[in-house]
Amino acid sequence: MKRILAIALNTFKETVRDRILYGLIIFVLLVLPGSRLVIPLAVGQEVKIMKDFGFAAITLFGLLISVVVGTTLVFKELDKRTIYVLVAKPVRRWELLLGKYFGLMCTLTVSVLIMSATLAVTILMMGGNLDGLLGYAVLGIYMQFVVITSVAIFFSTLASPALSAAFAFCLFIAGTAADQLRLFAERMPGSFLKMAVNAVSYLIPNLQNCNFRTEAVYGLAVPFSKVGLMMMYCLLYALAMLIMGSLVLERKDLK
Amino acid sequence: MENILEIDKLSKSFTDWEHFTWRSKTILDDISFEVRPGEIFGFLGPNGAGKTTTIKTLMGIIKPSSGTARILGHDIRERSNRMKERIGFLPENPYFYDYLTVREFLMFCAALFGINGRRAGHQADQLLELVGMTKAAKLPLRKCSKGMLQRTGIAQSLINDPEFLVWDEPVSGLDPIGRKEIKDLMLELKRQGKTIFFSSHILPDAESLCDRVGIIVNGRIHRVGALPELLKDSVNWVEIVAENISGKIEVEGGKSEEVSGQTIVRLNDASKVDQTLKTLMSKGGTIVSVTPQRENLESYFARQIKTLKENQA
């Protein structure tokens, strides 16, 4: 556990000292309050539109960090051969992968907190109220990052960063339409096709489970059990991805 | 006492996709040798001979295709943490996390061994002093020269006070003073009872340091042994210096000359030494010295490689 923590802290330092990350966060900090001026707002709907816009901004920038950094973390270790020093020390390869994952999740946690706080302040400045639903919506977005970061890290053990990023983005997009894919499967002609599309829809992460944005914008109630199940699903999916990534890394020659 | 490292018929092949076919390339071919406790073992070979591949295999960076190797009694395939806790490894041309400072990097390495806080800081500072990097402790690694990175690499390999050191080209990238400092450090570490296995292509350095060497060429171990043992058959000529001999003398199997009142005999045939000494003494001469002129490691190495290439051709 101490070794995972040491690698996670080192990864956190790496991402924090990376200027791209600062650029992203500064951009979001400017975009959220600035959007008040540029979006043509319907009278009485300002807060709702700001919430919607804010969630989209957090998702987009968090996704960029998760995929761009997630797909390069392991690749950089291999490319710059820093991994040689690590694997010769009492560090298991799965500990390395887990350390990298937790380090990046630490960065994402801080980023989401900063972006959410900025959104909350912007909403308050617009005369809106903060409620628990806003928290659920942000938690849902964060849990999407929990899944997509694990997917990005898994792909990075197999392919180049560009390819891994493309796969991870595709999986994110497919994941946000997983329910539609299941509906599509039911309408497919032939039992084999139906079964194949259905199987794919269950293999990709169902990120629609994490979407509480509509509820947060329109003030609709969300049962806590739904949030709990969503969290459990995301954690299990991420765990499966990390186990698969560890198995790949374990068998890999680190040339 | 048990050997520190035992390699038995270790092989490594890579398969690459080339010209639309899968081609297998053998990098290590049935190599076997051992490293004994407390010795400095030099692993020598030309570029591309398989030195780094051997070291990567031993360190668990790549998997062997066949054969076995045991370090401190542990099979390398197990990648045992108990084994790794007793090893210090320096990779070839080390490159470290460039966003960390030299001291931060050492602290990070210490944390991987479960050494934290004040103890880690103390250990890092001691090692920085040992490798002459105290003034560069707060320097980001991206600003370090190749020599500084090499010294940092050596420091990180010692952070856990290991019994067995595996260093890949430890003196490459260092200036002559730096090389001497690292050689002195290796001798000091040996004095402390540590076993050192290092690869090098700088043969004079290896010659002055090693108890034994292994020579690898084209993925095969060519010779293993103590230097005097390897070089014993490589006496080029014997020089005999004598005094009080007047006039020139004829020597069978060599030639003689007079320099500053001394007679210097150069024998190309070492078996003629006794006979020549008798001749010199029979002429009333006093023997000052008899020195066999051996080939040094560098020329021995070059000769062996040349012979191997000729045989392969």
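Residues numbered from 1 in each chain as written. Chains lettered and ligands numbered in written order. Predicted model: local features only at pLDDT ≥ 70, side-chain atom pairs only at ≥ 80, totals over all residues.

(A) Structural detail: the environment of R212(B). All names here are of chain B. With respect to the secondary-structure elements, R212 resides in strand β9 (residues 212–217). Assessed through the 18 C-beta atoms surrounding it within 10 Å, R212 is described here as partly exposed. For the pair formed by R212 and I40, sequence separation is 172 residues and the distance between their alpha carbons is 6.7 Å. For R212, the residues in contact, after removing those within four places along its chain, are E39, F41, V224, G225 and A226. (Helix = DSSP H or I, 4+ residues; strand = E, 2+ residues; numbered from the N terminus. Buried ≥ 20, exposed ≤ 12 C-beta atoms within 10 Å, placed from the backbone. Contact = placed C-beta atoms within 7 Å.)

(B) Region of the structure containing the sheet that holds strand β4 (residues 66–71) of chain B. All names here are of chain B. Strands sit in the order β2-β1-β4-β5 across an open sheet of four strands; the sheet is antiparallel. At either end of the open sheet lies a strand with only one pairing partner, and these are β2 (21–35) and β5 (74–75). Pairing of strand β1 (residues 5–18) with β4 involves five bridges; the strand directions are antiparallel. Across the sheet, the residue bridging to S11 is S66, located in β4. Helix-sheet contacts for helix α1 (residues 51–58) involve β1, β2 and β4, and the interaxial angle to β2 is about 75°. (Pairing = 2+ DSSP bridges. Axes fitted to C-alpha atoms, helices over the stretch in contact; angles between N-to-C directions.)

(C) Up close: the sheet that holds β9(B). All names here are of chain B. Within the open sheet, the six strands sit side by side as β6-β7-β8-β3-β9-β10. Their pairing is mixed. Strands with a single pairing partner mark the edges of an open sheet, and in this sheet they are β6 (87–90) and β10 (220–226). Within the sheet, the average angular offset between the axes of one strand and its neighbour, ignoring direction, is 15°. Relative to the sheet, α1 contacts β3 (40–44), β7 (164–168), β8 (195–200) and β9, its axis offset from that of β7 by approximately 140°. Contacts from helix α6 (residues 176–191) reach β3, β7 and β8 within the one sheet, and its direction differs from that of β8 by about 155°.

(D) View of the environment of K180(B). Residue and element names in this part refer to chain B. In this fold, K180 is placed in helix α6. A tally of 14 C-beta atoms within 10 Å means that K180 is categorised as partly exposed. For K180 and V290, which are 110 residues apart along the polypeptide, the C-alpha to C-alpha distance reads 31 Å.

(E) Representation of the interface of chain B and chain A. The interface of chain B with chain A comprises 22 residues on the first partner and 20 residues on the second. When contributions to the side of chain B that touches chain A are tallied by element, the ones reaching two or more residues are α2 (81–84), β6 and α3 (102–112) of chain B. For the side of chain B that touches chain A, the element with the most residues is α3(B), which contributes four residues. In terms of residue class, the side of chain B that touches chain A is built from 15 nonpolar, four polar and three charged. (Nonpolar A, V, L, I, M, F, W, Y, C, P; charged D, E, K, R; others polar.)

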